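The primary structure of each chain is shown beneath.
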Amino acid sequence: MPAPTSPFVVPVHDVMHRPGEMRERVLEFDAPERLGESVASVHAGSPVRIDLRLEGLHDGILVTGDVDAVADAECVRCLDPVKLPVEVEFQELFAYSPDEAFDFAIRDDHVDLESVVRDAVVLALPFQPVCRPDCPGLDPATGEKLPDGAEPSDREMLDPRWAALEGFRPDSHTD
């Protein structure tokens, strides 16, 4: 069990074993560590807000949440830094007793949301973020950022290995 000081650990003693009981909570904290390891991620220290609804059931507590954060990314076309809003929902059942039928269990009258929130946020991050949908990107020949509305130059790049054959032209009257 993680330390109770973890911002992801929520006490649930007030809804335990009370089917039909519901509580709403808001968690606001700075991300204790980076969420995501790809081109886009929520960096450690970035603000995270989680709106929670805890519902008591016969088998456990149903936790529903909305996570709001901001991811830092790099545009895959032009390599400019980008801030992306992350808004994702999750829902998970935390069982009263650890059992194979449930992935998560209540421990010491607390639920630990870290892995649930981490999975939801990481899966919501874009695989190839762009600064805007019409980003022209970089010129493949020069590597310079293209101005808005510009198209990459269509000049043909000649492979230097074939340069010796550039002047070769077959005779047209040879059989």
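Residues numbered from 1 in each chain as written. Predicted model: local features only at pLDDT ≥ 70, side-chain atom pairs only at ≥ 80, totals over all residues. Heavy atoms only, no water.

## Regarding the packing of aromatic side chains
1) Next: Applying the stated criterion across every chain yields a total of 2 aromatic pairs.
2) Next: When the ring of F8 is compared with that of F29, the centres are 5.1 Å apart and the planes differ by 75°; the resulting orientation is edge-to-face. Linking F8 in the segment before β1 (9–11) with F29 in strand β2 (residues 22–30), this pair joins segments that are 21 residues apart in sequence.
3) Next: Exposure remark for F8: the relative accessible area of 3% places this residue in the buried category.
4) Next: A centroid spacing of 5.3 Å and a plane angle of 40° characterise the contact between F94 and F104, whose relative ring orientation is tilted. Here F94, found in strand β5 (residues 81–95), pairs with F104, found in strand β6 (residues 104–105); they are 10 residues apart in sequence, far enough to count as distant. (Phe/Tyr/Trp six-rings, centres within 6.5 Å; stacked < 30°, edge-to-face > 60°. Helix = DSSP H or I, 4+ residues; strand = E, 2+ residues; numbered from the N terminus. Buried < 20%, exposed > 50% of the residue type's maximum accessible area, 1.4 Å probe, protein only.)

## Some points on the pairing of strand β4 (residues 60–74)
1) Next: A large share of β4 lies buried, amounting to 11 of its 15 residues.
2) Next: With antiparallel pairing between neighbouring strands as the criterion, strand β3 (residues 47–56) and β4 make up a hairpin whose turn holds 3 residues.
3) Next: Relative to β5, β4 runs antiparallel, the two sharing 15 bridges. Looking at the pairing, D68 lines up with E87 of β5.
4) Next: The turn linking β4 back onto β5 is made up of 6 residues, and L79 within it adopts a positive phi angle of 70°. (Pairing = 2+ DSSP bridges.)

## What about the nonpolar core?
1) Next: With 40 residues, the main nonpolar core has I50, I61, F90 and L113 as its most contacted residues.
2) Next: For this core, the elements supplying multiple residues, two or more each, are β2, β3, β4, β5 and α1 (114–124).
3) Next: The residues touching I50, leaving out its near neighbours within four places in the chain, are R25, V26, L27, F29, D66, V67, F90 and V117. (Core = buried A, V, L, I, M, F, W, Y, C linked by side-chain atoms within 4.5 Å. Contact = heavy atoms within 4.5 Å.)

## With respect to the sheet that holds β4
1) Next: Across the sheet, which stays open at both edges, the 5 strands sit in the order β2-β3-β4-β5-β6 with mixed pairing between neighbours. Edge strands, defined here as strands with exactly one partner in the open sheet, are β2 and β6.
2) Next: Its contacts with the sheet place α1 against β3, β4, β5 and β6, and it is angled at close to 140° to β5. (Axes fitted to C-alpha atoms, helices over the stretch in contact; angles between N-to-C directions.)

## As for the environment of L93
1) Next: As for its placement among the helices and strands, L93 is situated in strand β5.
2) Next: L93 sits 30 residues away from V63 along the chain, and the two C-alpha atoms are 6.1 Å apart.
3) Next: Not counting residues up to four positions away in its chain, the partners in contact with L93 are L57, G60, I61, L62, F102 and F104.

## Remarks on the confidence of the model for the protein
1) Next: Put simply, the protein has an average pLDDT of 86, and 89% of its residues get 70 or more.
2) Next: Mean pLDDT in the protein bottoms out at β6, which sits at 88, and peaks at β3, which reaches 96. (pLDDT = per-residue confidence, 0-100.)

## Points about the pairing of β5
1) Next: Relative to β6, β5 runs parallel, the two sharing 2 bridges. Paired with A95 across the bridge in β6 is A105.

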